[in-house]
Structures are given as structure tokens and as C-alpha cells.
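Tertiary structure, described
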Amino acid sequence: MIDQRVGLKFQSKKGTFDIPFDRVSSLEYGQKAGRRIGVAIMINPLFLLSKKRKHFLTIGYKDSTNLQQGVVLELAKGLPAKVITIIEARSGVKCEYESEEAKKHLHG
């Protein structure tokens, strides 16, 4: 969810957290879950066999203690362009693309 005043708000079974737009340091879109953020990601082996196109947005940000953090989001089809445009505009950070194919897929 995007809150115009605060930034990005996330809610899960483990709790909630916010990423203020002014703390976003990097954005990356692609078919693979972020290559730059040092975050351990567990992938189900069946995921590797899936033929569906997945849409991942990796957001790098500084937490309240100024440590670099990251979150990887899987976005539903049709959402990446809208979400990336909003985050770029609010944060001032330009999105990087995993590949030319990812960039073409998003922008045509």
C-alpha cells in the first residue's frame, strides 16, 4: 500500500513496517529477485519450474538506524508500471532494470 504522506506501508502476519519515500535508496525491477541487496531469499524448487512471468521489485532503503535494508516484492501483472512510477516520483530515485527485456516488458 502507498500512503501519500508517509511512504510505503507493509503488513504481514509478522507485523507492519513503513518505508518513508525519503529513505528509498534504490529500485530494481526484473524477473529475478534483486541482485544487489544482501538479503537471503528462500525459493521453492517448484518456483524455478514455473513458466509464469513473475514481476519483482527490489526496494533498497535505510532503516531508522541508518542501516541499508531491502525488500523484494512480487507484483501482480499490470501493477509494476504504476507502482514504479509512483515510487520514482515520490522518492526521486530512478528504477534500474535487471535486463533490457525487463525494461521493454514494462515500457513496451
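Provided above is the structure to which this section pertains.
The structure reproduced in this document is the subject of the present report. (Residues numbered from 1 in each chain as written. Predicted model: local features only at pLDDT ≥ 70, side-chain atom pairs only at ≥ 80, totals over all residues. Heavy atoms only, no water.)

**Side note on the environment of Ser25**
The condition that has to hold: Where helices and strands are cited, they refer to DSSP runs of H or I of at least four residues and of E of at least two residues respectively, numbered from the N terminus.
Position of Ser25 among the secondary structure elements: in strand E4 (residues 24-30). Ser25 sits 44 residues away from Gln69 along the chain, and the two C-alpha atoms are 9.5 Å apart.

**Focus on the pairing of E4**
Going by this rule: Categorising residues by exposure relies on relative accessible area from a 1.4 Å probe, with only protein chains included: less than 20% of the type maximum marks a residue as buried, more than 50% marks it as exposed, and the intermediate range marks it as partly exposed. Any two strands with at least two DSSP bridges between them are considered paired.
Buried residues dominate E4, accounting for 5 of its 7 residues. Relative to strand E5 (residues 56-62), E4 runs antiparallel, the two sharing 6 bridges. Bridge pairing links Ser26 to Gly60 in E5. Both E4 and strand E7 (residues 95-97) contribute to a ladder of 3 bridges, which runs parallel. Its bridge partner lying in E7, Leu27 is registered against Cys95.

**Observations concerning the environment of Pro20**
Put simply, the rule reads: For this analysis, residues touch if any pair of their heavy atoms sits within 4.5 Å.
In this fold, Pro20 is placed in strand E3 (residues 15-20). Taking the C-alpha atoms as reference points, Pro20 and Ser64, separated by 44 residues in sequence, lie 9.8 Å from one another. What Pro20 contacts, discounting residues up to four positions off in sequence, is Val6 and Gly7.

**Considering the side chain of His55**
We apply this condition: We call two N or O atoms a polar contact when they sit within 3.5 Å, provided that within protein one can donate a hydrogen and the other can accept it, with sequence-adjacent residues counted only if both atoms are side-chain atoms.
Within the secondary structure, His55 is located in the loop between helix H1 (45-49) and E5. In terms of polar contacts, His55 uses its side chain to reach the side chain of Tyr29, at 2.7 Å. In this structure, His55 is in contact with Tyr29, Gly30, Gln31, Leu73, Glu74, Leu75, Lys77, Pro80 and His105, ignoring residues within four places of it in sequence.

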